[in-house]
Amino acid sequence: MGQAKNRGTLAQRVAQAQAQEKIEATRPEKLVCNSCKADVTAIHPVSTRGLRGIDAIWVGQCDCGHTTFAASGEPKAVEAFFFALSENTELTLGSQSKDGAAHETA
């Protein structure tokens, strides 16, 4: 008992819960692998702490071995995120609808 006090005031805990719900609402149903086009359903959130303009980042590992990212937020911030990600790696960019039905690679 008493652990809630360690996580902040009631108002802070409510704000944290609402922020988490907002992030969870952006969770795609699935990601489509940009390499083999398979559905990736094991999707995990990534912290966006310190990434101004990024609302949420999701990552999934495809069975083919490729990692697929999804990000939402301000378009310029999302573009900067993927540009930074591609600096040291070969990256195939794509876009998809939230349900994964519409998918295209760049």
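As a reminder, the structure under discussion sits directly above these lines.
Just so we're clear, the structure is a prediction, and the values are computed from it rather than from any experiment. (Residues numbered from 1 in each chain as written. Predicted model: local features only at pLDDT ≥ 70, side-chain atom pairs only at ≥ 80, totals over all residues. Heavy atoms only, no water.)

S.K.: Any chance you could explain the sheet that holds strand E3 (residues 43-46) here in plain terms?
M.R.: Paired through backbone hydrogen bonds, the strands of a sheet run either parallel or antiparallel to each other. Spatially, the 3 strands line up as an open sheet ordered E3-E4-E5, and their pairing is antiparallel. Bordering the open sheet on either side are E3 and strand E5 (67-73), each of which pairs with just one other strand. The average undirected angle you get between the axes of adjacent strands in this sheet is 25°. Note that strand E4 (residues 54-61) and E5 share 7 bridges and pair antiparallel. Each residue of the ladder has a partner; that of alanine 56, found in E5, is serine 72. Where helix H3 (residues 75-86) meets the sheet, it contacts E4 and E5, and its direction lies at approximately 155° from that of E5. (Pairing = 2+ DSSP bridges. Helix = DSSP H or I, 4+ residues; strand = E, 2+ residues; numbered from the N terminus. Axes fitted to C-alpha atoms, helices over the stretch in contact; angles between N-to-C directions. Contact = heavy atoms within 4.5 Å.)

S.K.: Just to check I follow, could you spell out unusual backbone geometry for this structure?
M.R.: Of all residues except glycine, most have a negative phi; of all peptide bonds, most are trans. Residues other than glycine seldom take positive phi values, yet lysine 37 does so here, at roughly 70°. Along the chain, lysine 37 falls in the loop between strand E1 (31-32) and strand E2 (39-40). Here lysine 37 falls in the partly exposed class, since its relative accessible area comes to 44%. (Buried < 20%, exposed > 50% of the residue type's maximum accessible area, 1.4 Å probe, protein only.)

S.K.: What exactly am I supposed to notice about the environment of aspartate 39 here?
M.R.: Mapped onto the elements of the fold, aspartate 39 is located in strand E2. A residue is classified by how much of its surface remains accessible, and aspartate 39, at 47% relative accessible area, is partly exposed. Counting along the chain gives 21 residues from aspartate 39 to glycine 60, while the straight-line C-alpha distance between them is 9.8 Å. In contact with aspartate 39, other than residues within four places in its own chain, are Lys30, Leu31 and Val32. There is a polar contact of 3.2 Å between the side chain of aspartate 39 and the side chain of lysine 30. (Polar contact = N/O pair within 3.5 Å; in protein donor to acceptor, adjacent residues only side chain to side chain.)

S.K.: What is the right way to read the packing of aromatic side chains from this model?
M.R.: The geometry of an aromatic ring pair comes down to the distance between the two centres and the angle between the two planes. Tallied over the full model, the rule gives 2 aromatic pairs. Look at phenylalanine 69 and phenylalanine 81: their rings are 6.3 Å apart centre to centre, the planes differ by 75°, and that puts the pair in the edge-to-face class. Of this pair, phenylalanine 69 sits in strand E5 while phenylalanine 81 is found in helix H3, placing the two residues 12 residues apart along the sequence. Phenylalanine 69 sits in the partly exposed class, given a relative accessible area of 28%. The buried category is assigned to phenylalanine 81, whose relative accessible area is 17%. Consider the rings of phenylalanine 81 and phenylalanine 82, whose centres lie 5.0 Å apart with planes at 70°: the pair is edge-to-face. Using a relative accessible area of 17% as the deciding quantity, one classes phenylalanine 82 as buried. (Phe/Tyr/Trp six-rings, centres within 6.5 Å; stacked < 30°, edge-to-face > 60°.)

Everything listed is a geometric property; what it means functionally is a separate question.
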